[in-house]
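# Close look at the chain arrangement
Here is how the chains run, residue by residue.
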Amino acid sequence: RENFIHLCNPHLEKMKEDILYHFALGTGTHDFPALFGDVKFVCVGGSPSRMKAFIAYIAEELGLGGPDCDYPNICVGTDRYAMYKVGPVLSVSHGMGIPSISIMLHELIKLLHHAKCSNITIIRIGTSGGIGLEPGSVVITRQSVDATFKPQFEQVILGKTVIRSTNLDEELAKELMQCSQEISQFNTVIGNTMCTLDFYEGQGRLDGAICLYSEEEKLQYLKEAYDSGVRNIEMESSVFAAMCSLSGVKAAVVCVTLLNRLEGDQISSSHDVLVEYQQRPQKLVGYFIKKSLGKV
């Protein structure tokens, strides 16, 4: 059954042209169905270089490119986001934090709608701080929760507070967990992900420019988070889950943990170790895509 993108905006039907400003793309200047109509998998992550590395990795895994292939940035007309494509896979950077990823998602969802894409799976791959997990562990998000451990995304629209659900696709999470068990290369868990509004005080760090709480208060808070089911902390999953759910898109969040926040705040692993950690979500999602396409 064809499952197309659902746009929650009746005003778009009245527009003669839709300019996706932050992508430097538009329906009046680009043939979206020709460019993107075959897309089935979209992977998003914070860093442009990481998303370029992912498209090169998945191209080799799918037999669609080699080590010497170049993958041009589709959004070369802007420095806001980067976008790469190979076969049915689109790889897009989203920057850091809720505002940045929400802008990207508005335009990405419209792009997929204008391209008449169907049966889309969107997966955020990234890094996070772990709670009670060994560094390098991968967390598949069950629910994104806010800093009070509630599974919701709160936004002020026209002066009114709007609360949206942050549930993610349960079956997709189970499929990804099964894939991790099949490749059996690193520890993977399904757990809740806490999405915060900043990297320092919002995550209870002691090493920011401002910190007006004690180490004991920090540890108590993180232990409360762990007891509520939280296994990692990042800054994008809540709005990602809310927007994908409203648009009728299967979505998942797969993040590697760079440290255990119960043991410290600063990321001290070597560059080579961190690079290997960051490849783990790519390997898991890459295997999932191969398996979905019958190439395993």
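- By the naming in an unreviewed UniProt entry, the protein is Uridine phosphorylase, taken from Aptenodytes patagonicus.
- Looking at the protein in UniProt, the text filed under Pathway (unreviewed entry) is "Pyrimidine metabolism; UMP biosynthesis via salvage pathway; uracil from uridine (phosphorylase route): step 1/1."
- Here the protein is described in UniProt, under the heading Sequence similarities (unreviewed entry), as follows: "Belongs to the PNP/UDP phosphorylase family."

### Quick notes on the overall build of the protein
- A count of helical and extended segments in the protein gives seven helices and 12 strands.
- Its C-alpha radius of gyration of 19 Å places the protein within 12% of the 19 Å reference for a compact globule of 296 residues.
- By residue count, 49% of the 296 residues in the protein fall in the buried class.
- Partitioning the intrachain contacts of the protein with sequence separation of at least 6 by distance along the chain shows that 76% fall at a separation of at least 24.
- Accessible surface computed for the protein: about 14100 Å², of which carbon and sulfur atoms make up 51%.
- Separation of charge centres in the protein, based on 27 positive and 34 negative side chains, amounts to 6 Å.

### Observations regarding helix α2 (residues 48-61)
- With 14 residues, α2 ought to run about 20 Å at 1.5 Å a step, and its terminal C-alpha atoms sit 20 Å apart, in line with that.
- All buried positions along α2 are accounted for by Arg-50, Met-51, Phe-54, Ile-55, Ile-58 and Ala-59.
- Buried residues in α2 make contact with β3 (41-45), β4 (83-86), β5 (89-93), β6 (121-130) and α7 (271-292).
- Following α2 by one or two positions, Gly-63 adopts a phi angle in the positive range, close to 70°.

### Here we look at the UniProt feature "binding site: phosphate" (unreviewed entry) in the protein
- Annotation from UniProt places "binding site: phosphate" (unreviewed entry) at Arg-80, Arg-124, Ile-125, Gly-126 and Thr-127.
- By the secondary structure assignment, Ile-125 is in strand β6.
- Accessibility expressed as a relative area gives 2% for Ile-125, which makes it buried.
- Dropping the residues within four chain positions of it, Ile-125 is found in contact with Val-44, Gly-45, Met-51, Phe-54, Val-254, Pro-281, Gln-282 and Val-285.
- Residue position: Thr-127 is located in strand β6.
- Its relative accessible area of 22% is what places Thr-127 among the partly exposed residues.
- Those residues in contact with Thr-127 that lie beyond four places of it in its chain are Arg-50, Glu-234, Cys-255, Val-256, Leu-258 and Gln-278.

Conventions and cut-offs
Residues numbered from 1 in each chain as written. Predicted model: local features only at pLDDT ≥ 70, side-chain atom pairs only at ≥ 80, totals over all residues. Heavy atoms only, no water. UniProt positions renumbered as here; feature names shortened; annotations may be inferred. Helix = DSSP H or I, 4+ residues; strand = E, 2+ residues; numbered from the N terminus. Rg over C-alpha atoms; globule rule 2.2 N^0.38 Å. Buried < 20%, exposed > 50% of the residue type's maximum accessible area, 1.4 Å probe, protein only. Contact = heavy atoms within 4.5 Å. Areas by Shrake-Rupley, 256 points an atom, 1.4 Å probe, with all protein chains shown as cover. Lys, Arg positive; Asp, Glu negative; His and termini not counted. Charge placed at Lys NZ, Arg CZ, Asp CG, Glu CD. Expected span 1.5 Å × (residues − 1).

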